[in-house]
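Letter by letter, the chains look like this.
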Amino acid sequence: MTESLRDARPGATPSSIDYVAFAQSPRFLELKRRRNRFVIPLAVFFLVWYFGFVLVAAYLPAVMAIPVVGSVNLGLVLGLGQFVTTFAITMWYVSFSNKTLDPMGAALRAELEKMEQK
């Protein structure tokens, strides 16, 4: 399938690249597979952690009220833990993407640019 004229940017020439076929290429599928193998388990973990926190806060307030240090209770520690895990997951993903996904994506982009010049 080639890019139609109505999908092209104004002033751009139509492309002869078969983007559907390119999306089925082994290198592109490997990029998607690596991204999904990282993102999906991490997303599941975070959603379980987040909704677990919300459910415990809603239905087990006595658990959240357990003192940890002085007037700091378990609910406060777990709530702050939500922020910490959000930032940690973000930094982990950025590092993974910079080291693994971005080089693969750059190689695919270079391949598409070569195809475009033909």
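Definitions and limits used
Residues numbered from 1 in each chain as written. Predicted model: local features only at pLDDT ≥ 70, side-chain atom pairs only at ≥ 80, totals over all residues. Heavy atoms only, no water. Phe/Tyr/Trp six-rings, centres within 6.5 Å; stacked < 30°, edge-to-face > 60°. Helix = DSSP H or I, 4+ residues; strand = E, 2+ residues; numbered from the N terminus. Buried < 20%, exposed > 50% of the residue type's maximum accessible area, 1.4 Å probe, protein only. Expected span 1.5 Å × (residues − 1). Bend = angle between axes of the 7 residues up to and from the residue. Contact = heavy atoms within 4.5 Å. Polar contact = N/O pair within 3.5 Å; in protein donor to acceptor, adjacent residues only side chain to side chain. Patch = residues over 30% accessible without salt bridge, like charges linked within 9 Å, V, L, I, M, F, W, Y side chains within 5 Å. Areas by Shrake-Rupley, 256 points an atom, 1.4 Å probe, with all protein chains shown as cover. Salt bridge = Lys/Arg side-chain N within 4 Å of Asp/Glu carboxyl O.

The name given to the chain in an unreviewed UniProt entry is DUF485 domain-containing protein, with Cryobacterium glucosi as the source organism.

Asker: Give a description of the packing of aromatic side chains that names residues and reports values.
Answerer: Across all of its chains, the model carries six aromatic pairs by this definition. Considering the side-chain rings of F38 and W92, the 5.1 Å spacing of their centres and the 80° angle between planes classify their relative orientation as edge-to-face. With a gap of 54 residues between them, F38 in helix α2 (residues 26–59) and W92 in helix α4 (residues 74–117) connect regions that are remote in the sequence. Take F38: its relative accessible area is 13%, and that puts it in the buried class.

Asker: Quick rundown of α2? Include the residues and the values.
Answerer: Between its terminal C-alpha atoms α2 stretches 48 Å, which fits the 50 Å expected from 34 residues at 1.5 Å a residue. At N36, α2 shows its strongest bend, of approximately 25°. Considered for burial, the residues of α2 that qualify are L31, F38, L42 and F53. In the core, the buried residues of α2 are packed alongside α3 (61–64) and α4.

Asker: Summarise α4; cite the residues concerned and give the values.
Answerer: Between its terminal C-alpha atoms α4 stretches 60 Å, which fits the 64 Å expected from 44 residues at 1.5 Å a residue. Within α4, the axis deviates most sharply at S97, by approximately 45°. All buried positions along α4 are accounted for by G75, G79, G81, Q82, T85, F96, S97, T100, L101, M104 and L108. Backbone nitrogen of G75 and a side-chain oxygen of the N-cap are separated by 3.2 Å at the start of α4; the cap is N73.

Asker: Lay out a nonpolar patch on the surface in plain terms, naming residues and giving numbers.
Answerer: Taken together, the side chains of L47, Y50, F51, V54, L55, Y59, L60, V63 and I66 make up a nonpolar region of the molecular surface, amounting to roughly 840 Å² of accessible area. Per-element accounting of the nonpolar patch gives the leading share, six residues, to α2. Position of L47 among the secondary structure elements: in helix α2. On the basis of relative accessible area, L47 is assigned to the partly exposed category, the value being 45%.

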